[in-house]
Amino acid sequence: MLRRSFLQGVAAGTLVSTSTFIKPSLALTQLGQSHFELVAEIGKRALGPVGTSQADLWLYKGTTPGPMLTVTKGDELIVNFFNNLDQPTRIHWHGIRNLNEMDGVPDLTQVAVDPGEDFTYRFPVRDAGTFWYHAHSKAWEQVARGLYGPLIVREPDTNSGIEDITLVADDWRLTEDYQLHEESLGSMMDWSHQGRLGNWLTINGQSNPAIPIKAKNLARIRLINTANARSMTFEFEGKKFEVIALDGEPCSPFVAFEITIAPAQRVDILITTDLNGFRLSEISTGTPVIVATVKVQTSDVSVLNTSNRLNLQVKTFRSNLEMVDIDIHMQGGAMGNLASAFFEGEERPLQELAMEHSKLWAFDGSIGGSAHFLAEVDLGKTVNLRVCNDTSWPHAMHLHGHHFWVKFYEFGGEPKRVLRDTYLMQPNERAELQFVADNPGLWLFHCHMLEHHAAGMGGVIAIS
Ligand code: C2O
Ligand code: CU
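Each value, and the rule that gives it
- Residues numbered from 1 in each chain as written.
- Chains lettered and ligands numbered in written order.
- Predicted model: local features only at pLDDT ≥ 70, side-chain atom pairs only at ≥ 80, totals over all residues.
- Heavy atoms only, no water.
- Pairing = 2+ DSSP bridges.
- Helix = DSSP H or I, 4+ residues; strand = E, 2+ residues; numbered from the N terminus.
- Axes fitted to C-alpha atoms, helices over the stretch in contact; angles between N-to-C directions.
- pLDDT = per-residue confidence, 0-100.
- Contact = heavy atoms within 4.5 Å.
- Buried < 20%, exposed > 50% of the residue type's maximum accessible area, 1.4 Å probe, protein only.
- Donors = N, O, S within 2.8 Å, 3.2 Å for Na, K, Ca; no water.
- Arc of directions from axis to C-beta.
- Core = buried A, V, L, I, M, F, W, Y, C linked by side-chain atoms within 4.5 Å.

Let's talk about the sheet that holds strand β17 (residues 266-272)
Pairing is mixed across the open sheet formed by six strands, whose spatial order is β10-β9-β12-β17-β14-β15. Single-partner strands in this sheet number two, and they are β10 (200-203) and β15 (249-256). Within this sheet the neighbouring strands show an average axis-to-axis angle of 25 degrees, counted without direction. Alignment of strand β12 (residues 218-225) against β17, held across seven bridges, turns out to be antiparallel. Looking at β17, one finds that Ala 219 is bridged to Ile 271.

Okay, here's the thing in structure tokens:
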């Protein structure tokens, strides 16, 4: 029944909702299940200021970001996915400690969903938090064209009364008439440097949208960075806020005035709202850009009881002396130290790899990819991924299927040990990413600057 109406919808070419804000998509919810339909399709959306022309994009269910999928921790998430593009695709559920066969990785965990085909993703959702989904086939192109959306997992029975807002930030490279800059997709200049940086920032697919919130004195804002390569730093007109979760995982709350979010990372904050609302600015370039305006909707501010806090469970780190060490040296790129690397069984000059194969980055002397195995680990062992960034560029390192502990220096003062799924490494930084290998399967570890991944910065950890 569901499948038939789904396919009829596709045949009729229904492009859903052009509404301004991300709304939970219509779910046919049964107890303990969350059921959604997603279609990847070609369509048009305006990314520029009001009145500018629409850009040709790739969309999930007619929008970018795609529909917000809201589920409850412990639910089984079922997504009937249909590919209406003219190239193969797959969906990855970023940050979800997933079943390996639902992880959406080409040449590793899932065969392609070809044009005109469908696939049903079905998996239990074990952690509450802020996650996202995105295309993982030619992600450097498919994500740049708009194929991503938010996935919000709520704690069961929480009703704190706190306003809950999701803001998805993306960095587009647009032409003067607000079309996607297509000629530069695949530019080796981008691939060898920072990745594809944009020139236009949207929040929830719009230029400086007004975000309505109900008048309450606290709001939880979930920020998601879906850019191909740009790390962003946000501030709220100098207002202080509390950081309560990183990459979906609750952390011991701490106060901040600005927050940096690398590609694929998420940050949840709590901020006090008053009647004036506030503006959200991106400040990383030194020239602040107002990217959204939060507007309070009514004149009556209801003050939340202080006991009305979110009851988030912060996990505690346990040290383990018997760790399996995996050493990884990240290499290559422009101004790097890599003259040659192994690729398809042969050592070749980096110059040649770049020109003939678009490969520019390596792990330990080998161009990486989903055929490059970094380690085999016994199920249940604690792993210490000791990663050295021997390149001249920052990299947002992401591990599939697990969350890792990492010492986090970003906020000054004492380092904090936090759980993340994506960690921004500075040039010459050495980091230890520690995790319990409790999820069997073949898991990708790669840079989430999507051009870097495509150009060789990735490998596989096999857990069994
Ligand atoms: Cu969000 Cu391998 O990706
Ligand atoms: Cu990188």
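Having seen it, we continue.
Examining the confidence of the model for the protein chain
With 90% of its residues at a pLDDT of at least 70, the protein chain reaches an overall mean of 90. A low-confidence stretch, residues 1-30 stays under pLDDT 50, and its non-local contacts, those more than four residues away or across chains, total 48 contacts.

Regarding the pairing of strand β28 (residues 404-408)
β28 sits mainly inside the fold: four of its five residues count as buried. Looking at chain direction, β28 and strand β29 (residues 416-420) are connected through five bridges and run antiparallel. Bridge pairing in β29 places Lys 407 opposite Arg 417.

Some words on unusual backbone geometry
Omega for the peptide link from Thr 64 to Pro 65 comes to -5 degrees, which places this bond in the cis form. Structurally, Pro 65 can be placed in the loop between β2 (55-60) and β3 (69-72). Residue Asn 204 is not a glycine yet carries a positive backbone phi of 50 degrees. Counting through the fold element by element, Asn 204 comes out in the loop between β10 and β11 (210-213).

Re the coordination of the copper ion (ligand 2)
Ideal donor angles around a metal are set by the shape: a four-donor tetrahedron calls for 109.5 degrees, a six-donor octahedron for 90 or 180 degrees. Bound to the copper ion (ligand 2) are the protein donor atoms His 395 (ND1), Cys 447 (SG) and His 452 (ND1), situated 2.0 to 2.1 Å from the metal. Linear spacing of the donor residues for the copper ion (ligand 2) on their chain is H-x51-C-x4-H. Taken together, the residues His 395 in strand β27 (residues 395-399) and Cys 447 in strand β32 (residues 441-447) connect sequence positions 52 residues apart. In this structure Cys 447 comes out as buried when scored by relative accessible area, which is 0%.

Considerations on helix α4 (residues 350-357)
Note that an α-helix has 3.6 residues per turn; residues three or four places apart therefore point the same way. Regarding α4, the residues found buried are Leu 350, Leu 353 and Ala 354. One face of α4 carries all of its buried residues, which in axial projection span an arc of 95 degrees. Exposed and facing more than 90 degrees away from the buried side of α4 are Gln 351, Met 355 and Glu 356. Packing partners of the buried residues in α4 comprise α3 (188-192), β21 (340-343), β22 (346-349) and β24 (366-367). Once α4 finishes, Ser 358 follows within two positions and takes phi at roughly 55 degrees, a positive value.

Things to note about the sheet that holds strand β1 (residues 33-45)
Strand order in the open sheet formed by four strands is β2-β1-β4-β6, and the pairing between neighbours is mixed. Taken across any chain shown, the strands that pair with only one partner, and hence form the sheet edges, are β2 and β6 (118-124). On average, each strand axis in the sheet is inclined to that of its neighbour by 20 degrees, with strand direction left out of account. Bridge count for strand β4 (residues 76-83) against β6 is seven bridges, and the pairing is antiparallel. Looking at the pairing, Phe 82 lines up with Asp 118 of β6.

Thoughts on the nonpolar core
One finds Val 243, Phe 445 and Ile 461 to be the most contacted residues of the largest nonpolar core, which totals 91 residues. For this core, the element with the most residues is strand β9 (residues 163-172), which contributes five residues. Aside from chain neighbours lying at most four places away, what touches Val 243 is Cys 251, Ser 252, Pro 253, Phe 254, Ala 256, Ile 259, Val 267, Asp 268 and Ile 269. Listed in part, the 26 residues of the second largest apolar core include Phe 123, Ala 128, Phe 131 and Ala 135.

What about the environment of Ser 370?
Relative to the helices and strands, Ser 370 resides in the loop between β24 and β25 (373-377). Apart from residues no more than four positions distant in its own chain, Ser 370 is found in contact with Pro 106, Asp 107, Leu 108, Leu 444 and Val 460.

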